Structures are given as C-alpha cells and as structure tokens.
Amino acid sequence: MQRAIRVGLIGFGTIGTGVVKLLKRNREQIRDRVGVPVDLVRIADIDTKRDRGVRLAKGVLVGDARKVLDDPSIDIVIELMGGTGLARRFMLEAFKAKKDVVTANKALLAHHGDEIFAQAEKSLVEIGYEASVGGGIPIIRTLREALGGDRHQAVFGIVNGTTNYILSRMSQEGGDFQTVLAEAQADGLAEADPSFDVDGVDAAHKLTLLIQLAFGRKIGFDDVSTEGIRKITQDDIAFAAEFGFVLKHLAVAVRHGDRIEARVHPAMVPRDHALGGINGALNAIVLQSEALESSMYVGLGAGMMPTATAVVGDLMEIARNRLHGCRGRVAPLGFPVASLVKAKPIAAADAEGTYYLRMQVADKPGALSHITGAMGRAGVSIASMVQRGQKRRGSATVVFRTHRANHRALNKAVTAIDKLATVRGKSVVLRIEESLSG
Ligand code: HSE
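The shown structure was predicted, so the numbers you read here are calculated from the model rather than taken from an experiment.

Asks: Looking at this structure, how should I read the site of the ligand?
Replies: Neighbouring residues of the ligand: Lys-106, Asn-160, Gly-161, Thr-162, Asp-197, Asp-202, Lys-206, Gly-301 and Ala-302. One of the side-chain nitrogen or oxygen atoms of Thr-162 is found 2.5 Å away from an oxygen atom of the ligand. Taking 250 Å² as the accessible area of the ligand by itself, protein coverage stands at 83%. Put simply, the parts of the chain that give the shell around the ligand at least two residues each are α7 (161–173) and α10 (201–215). Looking at side-chain class alone, the shell around the ligand contains 1 nonpolar, 4 polar and 4 charged residues.

Asks: Can you walk me through helix α13 (residues 367–378) in this structure?
Replies: End to end, α13 covers 18 Å across 12 residues, agreeing with the expected 16 Å (1.5 Å per residue, within 8%). Looking one or two residues beyond α13, the residue adopting positive phi is Gly-379, at roughly 85°.

Asks: Could you clarify how one ought to interpret the sheet that holds strand β6 (residues 127–128) in this entry?
Replies: Hydrogen bonding along the main chain pairs the strands of a sheet, whether they run parallel or antiparallel. Pairing within the open sheet is parallel, and its 6 strands lie in the order β3-β2-β1-β4-β5-β6. Across the chains shown, the open sheet's two edge strands, defined by having one partner strand only, are β3 (61–62) and β6. The pairing of strand β5 (residues 100–103) with β6 spans 2 bridges and is parallel. Among the inter-strand pairings, Val-101 is bridged to a residue of β6, identified as Ile-127. Where helix α1 (residues 14–25) meets the sheet, it contacts β1 (5–10), β2 (38–44) and β4 (76–79), and its direction lies at approximately 155° from that of β2. Strand contacts of helix α12 (residues 304–323): β1, β2, β4, β5 and β6, with the helix running at about 165° to β5, the strand carrying the most contacts.

Asks: Would you take a moment to explain the domain arrangement of the chain for this structure?
Replies: Where interface size is quoted, it is often the accessible area lost as the parts come together. If you check the domain split of the chain, you get domain 1 (5–135 + 304–340), domain 2 (140–301) and domain 3 (349–432). Computed from C-alpha atoms alone, the centre-to-centre distance between domain 1 and domain 3 is 50 Å.

Asks: When you look at the packing of helix α5 (residues 106–122) against α10 in this model, what are you seeing that I'm missing?
Replies: The packing of two helices is summarised by the inter-axis angle and the distance between the axes. Running from N to C, α5 and α10 cross one another at 30°; their axes reach a closest spacing of 7 Å. In terms of their interaxial angle, α5 and α10 are classed as roughly parallel. Counted together, Lys-106, Ala-107, Leu-109, Ala-110, His-111 and Phe-117 of α5 and Asp-202, His-205, Lys-206, Thr-208 and Leu-209 of α10 form the full contact between these two elements. Looking at the contact of α5 with α10 residue by residue, the class counts come to 5 nonpolar, 3 polar and 3 charged.

Asks: What is the right way to look at the packing of aromatic side chains in this model?
Replies: Aromatic ring pairs are reported here in terms of the distance separating the ring centres and the angle at which the planes meet. The full count for this structure, using the stated rule, is 3 aromatic pairs. Between Phe-239 and Phe-243, the ring centres sit 6.3 Å apart and the planes meet at 25°, which makes this aromatic pair stacked. Phe-239 sits in the buried class, given a relative accessible area of 5%. A residue is classified by how much of its surface remains accessible, and Phe-243, at 18% relative accessible area, is buried. Pairing Phe-239 with Tyr-356 gives two aromatic rings, centres 6.5 Å apart and planes at 55°, and the pair type is tilted. Placement of the pair is Phe-239 in helix α11 (residues 234–242) and Tyr-356 in strand β16 (residues 352–362), with a sequence separation of 117 residues. Residue class for Tyr-356 comes out buried when judged on its relative accessible area of 0%. An aromatic cluster is defined as three or more aromatic residues linked by ring pairs; in this entry it consists of Phe-239, Phe-243 and Tyr-356. Of note, Arg-401 hangs over the ring of Phe-243, and the distance from its end group to the ring centre comes to 5.0 Å.

Asks: I keep staring at the pairing of strand β18 (residues 395–402) and nothing clicks. Help me out?
Replies: Remark: a regular strand shows side chains that alternate across the two faces of the sheet. Judged by how many residues are buried, β18 sits mostly within the fold: 8 of 8 residues are covered. Here β18 shows two buried faces, one formed by Ser-395, Thr-397, Val-399 and Arg-401 and the other by Ala-396, Val-398, Phe-400 and Thr-402. Note: β16 against β18, 7 bridges, orientation antiparallel. Residue pairing in the sheet places Val-361 in a bridge with Ala-396 of β18.

Asks: Before we go on, may I ask you to explain the pattern of salt bridges in this structure?
Replies: Proximity of charged atoms lets side chains of opposite charge pair with each other. Counted by the stated rule, this structure contains 36 salt bridges. Where Arg-52 meets Asp-45, a salt bridge forms, and the shortest distance between an N and an O atom there is 3.4 Å. Among the residues examined, Arg-52 registers a relative accessible area of 10% and is labelled buried. Between Asp-202 and Lys-106 there is a salt bridge whose closest N-O contact spans 3.9 Å. Remark: Lys-106 occurs in helix α5 and Asp-202 occurs in helix α10; sequence separation between them is 96 residues. Asp-202 sits in the buried class, given a relative accessible area of 7%. When salt bridges that share partners are traced, they join Glu-130, Arg-141, Arg-144, Glu-145, Asp-314, Glu-317 and Arg-329 into one network.

Rules used in this analysis
- Residues numbered from 1 in each chain as written.
- Predicted model: local features only at pLDDT ≥ 70, side-chain atom pairs only at ≥ 80, totals over all residues.
- Heavy atoms only, no water.
- Near = heavy atom within 4 Å.
- Polar contact = N/O pair within 3.5 Å; in protein donor to acceptor, adjacent residues only side chain to side chain.
- Areas by Shrake-Rupley, 256 points an atom, 1.4 Å probe, with all protein chains shown as cover.
- Helix = DSSP H or I, 4+ residues; strand = E, 2+ residues; numbered from the N terminus.
- Nonpolar A, V, L, I, M, F, W, Y, C, P; charged D, E, K, R; others polar.
- Expected span 1.5 Å × (residues − 1).
- Pairing = 2+ DSSP bridges.
- Contact = heavy atoms within 4.5 Å.
- Axes fitted to C-alpha atoms, helices over the stretch in contact; angles between N-to-C directions.
- Domains from an automatic or database assignment.
- Parallel < 35°, antiparallel > 145°, perpendicular 65-115°, else oblique.
- Phe/Tyr/Trp six-rings, centres within 6.5 Å; stacked < 30°, edge-to-face > 60°.
- Buried < 20%, exposed > 50% of the residue type's maximum accessible area, 1.4 Å probe, protein only.
- Lys NZ or Arg CZ within 6 Å of the ring centre and 35° of its normal.
- Salt bridge = Lys/Arg side-chain N within 4 Å of Asp/Glu carboxyl O.

In structure tokens:
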C-alpha cells in the first residue's frame, strides 16, 4: 500500500487557499479517515509573491504548472486555475499521465464535459468536480451515488450565490441593482467582473451538469435559455411582495418524456415556498423524484471554505479509491459516457408559464385598452392588473399577471405593447413560478 497520497495544486486563488487551510487544519483527521496522509507537495500559480495568509514549506509554491504535471510522483492534480483553454489542456494531460483530477471548473465541464469525462473514463482515472455545483453542498455525489436508483422528473433551485446575495439585499434593505452590486464587490462577495454571475452564465453552466447527472441525458450549454438579474428593480421587488412572492434567480430543468426544458432566469417564487426563504450566499437545489419525491439540499454555494470542503471531499474519495485499487469505481456522471443520449431541448419560446409584466403607460383615456387588446390578440389571458398612481408626470406604472401562456404568444404581445405610442420604454417580463413544488 502507498505510504502517502501526493497532491499538486494548480491555481492558488481564493478556493486554492481554502484547500490549503483545510488540508493543514484537519490533517490528522484526513489521514485517519483515508488511511494514509494526503500531502500537498506542490502548488503552481503565476503569482508566487502574494501573501495568502498560509505558511508553506520552502519550494512548495512554484510559478510553473509543468512542475505539477510533469512530476511522476504526484498522484492527484487539483485544477483551480479556471478558464476553458489551458485548464482543458492540463486536465487531459494529467489523465494521460494517469493522474486523477479534482476541479471546480463548471465552465470547462459544461462546454467540454463530453471530451473530459470520456478521456477520464478511457484513462481509468478519476475526476472529482463536487465543487463545481453548489459550493459545499454535496449535490453531485448525491445524484451520482445516493439517489442513483431513483428517477428524477425535475431539478431546480438557486445555484448562484452572488445573484442570490444581491437579490436578497435588494429585497431586505432596498437599493438598486448597480448600488448593491458595487457594495457586494467592495465586500469581496461579487467578482470584479460579475457578468458570468449576474447574467446567469454561471448558473447555466451548473444546470448543464445537473441535467446530465439527474436525467442521464445531455443537452448543450447553448440549449439552456439564460437570463440574468440586471433588469430587476425595486418596483418589481415591491410588486412581488404585494402579491406574496419573492424574486429569486432560478435554474430549472424539467423532463417531459424524452425532452428537457432547461432555463435560467429571475422569477417570482411564492414567499412560503421552500426556496422563498433561501437568502444571502446560500444555494438550494430541489429534486423531484419518483421514489424519494421532493427533497432539497441547502448550504453555502460560494466562498473560500465552503467550496474547499467539496474539493477536499473529492480528494479523500479519490485517495481511498487509489489505495484500494478501485479508481473508476463510479463513472463521473453516474452513467458511462457512452450511454448518455442527447435529449431534445424544449426551446424557451415553446415553454409555458404564468408571467408578470410591468410597463410605464401614459395616463390617457384608452391607453389600457390598447394593451389588453394586444394581449388578447396574441392569445394571452390576463389574470389580474394593478395600476399605481402617477410615478412620473403623466404616466402610471401598470402591472399585469397572466394566466398560463405560451412564451411565444407572450413575446408577440410584448412586442406589440412596446410599440404602442402610449407605452414608455420597454416592458419588464418575469416568470411567476407557482407550480414548482418543493
Ligand atoms: N460565483 C459563484 C456564485 C460561485 O456566486 O455562486 C462559484 O460557483
């Protein structure tokens, strides 16, 4: 039996620092649980000078990733450099050298998962990617192993901590999107370039992975209809509250026979829904399954130490599998890559839902009849309407809630409404999620 597991880390940023801290802090416990010490022997990062607040033995931190990849004594590579270029190359190289890989890189796996998972399988090595979805929440292991015997109809939830933090702050303390985002950035709770988070791209990456794990079907990242939270205003938050809803940024995947509906967008969720109380940087993932029925998994979905727990958990599992000669025990997605069939996505325009529409309307006789006429002609049925005084001189804010409508029909109505001379600017459209049980 090997006397220690030797690990190399590429990328010494926030999560990498958390991994170093956790491996140091819980060294004895990790050794006892695995059976041998798990030694972090090398760390590669282009910045070898910055003080990360952790002490390293001399020679551990290097500026060249080759010193990790080309070292035959390193068993497992942790890839935390991010991106889809070099990270992909390094990962494939590590597999070919029979090294296992642990990563948090959902962008890489969402775009190149086919190639990466197939290569891991072919090389009989392991890839751990628990940290790529839900931070510290063990949702990947849950889907891949614990619930492997069940069939899932839906997987949905809040999978981006930054957007959840911003929407929670906007709801609880007020402030517009830009101000709250700037404060979150100043507090280190949002990235300097927040676009992947606030435009929904990060959540769509995660949903692409969850779909494969839950349904054993694959859809392309581009098949996920993706919308972010930049357009959300205090008006929408106030109307949502008045109707008994809260605004959340959701990732939703539903299986309809062989087809999959996959979407990421802000939505109004009933205040008393299980997801309604998930605030701050928390993530929550709900599964609807045939045997287990509804289950929810909650925890911190971002941040140094929560995400580090997922990386270290993968490291320990792979270390054990190496020691017991059973690498490749479970296929990375829970299904052999060859058995994953491509599912036909349901286009966003073909999906159905109930909607909230907010618009600024000239306070003139007949203005409303033009709007309701456009909705009627498109086949969209109105469930209720609220008009709020004269916000700006001569105009009023009008909000409609629709009955269940086809998205294509709704778009047709909105296009016609936004062309009306009595409507100012563009209407805001948000989904209302009343039927997601959780
Ligand atoms: N940026 C992500 C989030 C964390 O805000 O949830 C990493 O997935």
